[in-house]
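Per-entry structural report
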Amino acid sequence: QASDIDATDLDSLAMEYRMGLQDNGQLTLGLQINDTDVGQLALRASMAAGGPTSAILITFKNGKTRSFRAYCKQFSEQGGVNQIIEGSAVLRISGSVTRG
């Protein structure tokens, strides 16, 4: 979503706006917890380090990709008796997203 920039001046009869830069927002990933997965370890390290951005590449089953820079804002786990431990990671996207 793009932001709104207030362009109102003394000659304006009502509020005036211009479109600002696009904000690519955030992405929530669902995952099965694997303590040896390098991707999950990198997400945890990003969060622990206070959010420096890292290069992210997501490859879908159909071969399409998305690449961008992001930091991990949240990494959570949940599970129970007779269940696989699942979790989620919330990534804050910084900059543009490249579709491949």
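First things first, this report covers the structure right here in the doc. (Residues numbered from 1 in each chain as written. Predicted model: local features only at pLDDT ≥ 70, side-chain atom pairs only at ≥ 80, totals over all residues. Heavy atoms only, no water.)

Remarks on the layout of surface pockets
Let me state the cut-off plainly: Using only the protein atoms, space was sampled on a 1 Å grid; points where a 1.4 Å probe fits but cannot get out form cavities, open sets with protein on both sides within 12 Å along at least five of seven lines form pockets, and lining residues are those with an atom within 4 Å of a point. Grid points are joined across faces, edges and corners, and a volume is the space filled by probe spheres set on the points. Elements are defined by DSSP. Helices are runs of H or I of four residues or more, strands are runs of E of two residues or more, and each kind is numbered from the N terminus. In the scheme used here, Gly and all other residues not listed as nonpolar or charged are polar, with Ala, Val, Leu, Ile, Met, Phe, Trp, Tyr, Cys and Pro taken as nonpolar and Asp, Glu, Lys and Arg as charged.
Counted as a void, the largest pocket has a volume near 350 Å³. Taken together, 19 residues make up the lining of the largest pocket; nearest its centre are L29, G39, Q40, L43 and I56. At the level of secondary structure, the elements contributing two or more residues to the lining of the largest pocket comprise β3 (26-32), α1 (38-48), β4 (54-59) and β5 (65-78). For the lining of the largest pocket, a count of residues per class yields 12 nonpolar, six polar and one charged. Put simply, the second largest pocket is a space of about 170 Å³. Around the second largest pocket, the lining residues are Q22, N24, L27, I58, F60, R66, F68, I93, S96, V97 and R99. Elements with a minimum of two residues in the lining of the second largest pocket: β5 and β6 (86-99). Top contributing element to the lining of the second largest pocket by residue count: β6, with four residues. Counted by class, the lining of the second largest pocket contains six nonpolar, three polar and two charged residues.

A word on the environment of L41
To be explicit about the condition: For each residue, the accessible area found with a 1.4 Å probe, counting protein chains only, is set against the maximum for its type, and the residue is called buried under 20%, exposed over 50%, and partly exposed in between. Whether two residues are in contact is decided by their heavy atoms: any pair within 4.5 Å suffices.
Turning to its location among the elements, L41 is positioned in helix α1. Exposure remark for L41: the relative accessible area of 42% places this residue in the partly exposed category. Dropping the residues within four chain positions of it, L41 is found in contact with D35 and T36.

A word on the sheet that holds β3
Quick reminder of the rule: Only strands joined by at least two bridges in the DSSP assignment are considered to pair. Fitted lines through C-alpha atoms give the axes, limited to the stretch in contact for helices. The angle between two N-to-C directions lies from 0 to 180 degrees.
Reading across the sheet, the four strands line up as β3-β6-β5-β4 and stay open at both edges, with antiparallel pairing between neighbours. At either margin of the open sheet sits one strand with a lone partner, and together these are β3 and β4. With direction set aside, neighbouring strand axes in the sheet form an average angle of 50°. Two strands pair when backbone bridges link them, and β5 and β6 are joined in this way by 11 bridges, in the antiparallel orientation. Paired with C72 across the two strands is L91, which belongs to β6.

Regarding α1
For clarity, the threshold we go by: Arc definition: directions from the helix axis to the C-beta atoms. By the criterion applied in these results, polar contacts are pairs of N or O atoms within 3.5 Å in which, for protein atoms, one can donate a hydrogen and the other can accept it, and in which residues neighboring in sequence qualify only through two side-chain atoms.
Taken residue by residue, α1 has Q40, L43 and S46 as its buried positions. Looking straight down α1, one finds its buried side chains confined to an arc of 120°; they lie on one side. Turned more than 90 degrees off the buried face of α1, the exposed positions are V38 and A48. Its buried side turned inward, α1 meets β3, β5 and β6. Where α1 starts, the residue carrying a side-chain oxygen 3.1 Å from the main-chain nitrogen of G39 turns out to be D37. G50, located one to two residues past α1, shows a positive phi value of around 90°.

Considerations on unusual backbone geometry
A positive phi angle, near 60°, is found at N82, a position not held by glycine. Tracing the sequence through the fold places N82 in the loop between β5 and β6.

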